[in-house]
Amino acid sequence: MDLTERTELRRISEKNSRIYVHTCLLMCSLALVLQPRQGLAQQNSDAAKTSAQQSATEQDGQHDFDFEIGTWKTHLSRLLHPLSGSNTWAEYEGTTVVRKVWSGQANLIELKVNGPAGHIEGLSLRLYDPRSHQWSLNFANSNGGGMSQPTSGKFKNGRGEFFDQETLNGRAILVRFVISDIAPNSCHFEQAFSNDGGKTWEANWIATDTRVSDESDHAH
């Protein structure tokens, strides 16, 4: 092999080496650029999944009232003339029976209490809407022939709050019903009215329930 051929071979070899090095550098650069993006995409995907799971868990309130299924002893205090300036209350004692309906997506409450002011028989049908993740509370009194305006809301941090707008003595008022102090064998209920848009509230129905039995199959 003469000098010219050796020179040409050396030139080709050097050129190939430069191409190889350039290719390696390019591949390394692409790896460095793509790796963070892939990692970020994975992190975003994981975060989205976690957020969706947490949201589903927080919003699913279908079993919010499972704690109340059973028979309870009820003490009820009722303000006789709400939003009138009167402070005359009536006291009642009786029982409440709560039954599960539709595997917990609804429940039915029967209230029977007696006191010096008379006898109260109440029925409440609570319905869960899986779209809004809220409950509607529909109350009926045995003296009437239909359901009252439902209050709507949900539980948060172990406390249920439900609201609606009604008319009392010709005035538009807000109604708030709160379920609180929930324990295995007791819970607290309070209804209040507001005639100033919710700035102040006056309680008019306060009940404390104490569990008698987990069974709710027998009427009371």
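Residues numbered from 1 in each chain as written. Predicted model: local features only at pLDDT ≥ 70, side-chain atom pairs only at ≥ 80, totals over all residues. Heavy atoms only, no water.

K.L.:
Which parts of the structure should I look at to understand the overall build of the chain?
P.N.:
Of regular secondary structure, the chain possesses one helix and ten strands. Across the 220 residues of the chain, 29% fall into the buried class. Sequence separation of 24 or more characterises 41% of the internal contacts of the chain that already satisfy a separation of 6 or more. With an accessible surface of roughly 14,000 Å², the chain has 54% of that area assigned to carbon and sulfur atoms. (Helix = DSSP H or I, 4+ residues; strand = E, 2+ residues; numbered from the N terminus. Buried < 20%, exposed > 50% of the residue type's maximum accessible area, 1.4 Å probe, protein only. Contact = heavy atoms within 4.5 Å. Areas by Shrake-Rupley, 256 points an atom, 1.4 Å probe, with all protein chains shown as cover.)

K.L.:
Honestly, the packing of aromatic side chains in this entry has me stumped. Any pointers?
P.N.:
Each pair of aromatic rings is reported with the distance of its centres and the angle of its planes. Within the structure shown, the criterion is met by ten aromatic pairs. With a centroid separation of 6.3 Å and 25° between ring planes, the pair formed by phenylalanine 65 and phenylalanine 162 is classed as stacked. Remark: phenylalanine 162 occurs in strand 7 (residues 159–168) and phenylalanine 65 occurs in the loop between helix 1 (3–59) and strand 1 (70–79); sequence separation between them is 97 residues. Grouping residues by exposure puts phenylalanine 65 and phenylalanine 162 together as buried. Ring centres 5.3 Å apart and planes at 50° place the aromatic pair tyrosine 128 and tryptophan 135 in the tilted group. Tryptophan 135 matches tyrosine 128 in its accessibility class, with the two residues each being buried. Members of the aromatic cluster, each reached through a chain of ring pairs, are Phe65, Phe67, Tyr128, Trp135, Phe155 and Phe162. (Phe/Tyr/Trp six-rings, centres within 6.5 Å; stacked < 30°, edge-to-face > 60°.)

K.L.:
Any chance you could explain the side chain of serine 124 here in plain terms?
P.N.:
Its place among the elements puts serine 124 in strand 4 (residues 118–129). Here serine 124 falls in the buried class, since its relative accessible area comes to 12%. If near-sequence neighbours (up to four positions away) are discounted, serine 124 is found in contact with Asn107, Leu108, Ile109, Asn138 and Phe139.

K.L.:
What am I meant to see in the sheet that holds strand 8 (residues 171–183) here?
P.N.:
The strands making up a sheet are joined through hydrogen bonds of the backbone, oriented either antiparallel or parallel. The strand order 1-2-3-4-5-6-7-8-9-10 describes a closed barrel built from ten strands, whose pairing is antiparallel. The mean inter-strand angle of the sheet, taken between neighbouring strand axes irrespective of direction, is 25°. Here nine bridges tie strand 2 (residues 89–101) to strand 3 (residues 106–115), and the two strands are oriented antiparallel to one another. Within strand 3, the residue paired with arginine 99 across the bridge is leucine 108. (Pairing = 2+ DSSP bridges. Axes fitted to C-alpha atoms, helices over the stretch in contact; angles between N-to-C directions.)

K.L.:
Is there a simple way to think about the pattern of salt bridges in this case?
P.N.:
Following the criterion strictly, the structure yields six salt bridges and no others. A salt bridge links arginine 159 to glutamate 161, with the shortest nitrogen-to-oxygen separation between them at 2.8 Å. For glutamate 161, a relative accessible area of 29% puts it in the partly exposed group. Between arginine 211 and aspartate 214 there is a salt bridge, and its shortest N-O distance comes to 3.2 Å. (Salt bridge = Lys/Arg side-chain N within 4 Å of Asp/Glu carboxyl O.)

K.L.:
Would you mind showing me how to read the side chain of asparagine 107 here?
P.N.:
Structurally, the position occupied by asparagine 107 is in strand 3. Given the relative accessible area of 2%, asparagine 107 is considered buried. Setting aside residues up to four positions removed in sequence, asparagine 107 forms contacts with Phe65, Val98, Arg99, Lys100, Val101, Ser124, Leu125, Arg126 and Trp135.

K.L.:
Whenever I open this one, the pairing of strand 5 (residues 134–141) confuses me. Can you help?
P.N.:
In summary, the side chains of a regular strand alternate between the two faces of the sheet. In this sheet, strand 5 lies alongside strand 4 in antiparallel orientation, the contact comprising eight bridges. Following the sheet pairing, serine 124 is matched in strand 5 by phenylalanine 139. What sits between strand 4 and strand 5 in their antiparallel hairpin is a turn of four residues, with histidine 133 showing a positive phi close to 60°.

K.L.:
So what exactly am I meant to see when it comes to unusual backbone geometry here?
P.N.:
Among all residues except glycine, the phi angle is most often negative; among peptide bonds, the trans geometry is most common. For asparagine 157, which is not glycine, the phi torsion reads 55° and is therefore positive. With respect to the helices, strands and loops of the structure, asparagine 157 is situated in the loop between strand 6 (151–156) and strand 7. Since its relative accessible area comes to 77%, asparagine 157 is described here as exposed. Here the phi dihedral of asparagine 169 falls at roughly 55°; this positive angle occurs in a residue that is not glycine. You can see asparagine 169 is positioned in the loop between strand 7 and strand 8.

Purely geometric numbers; function is a separate question.
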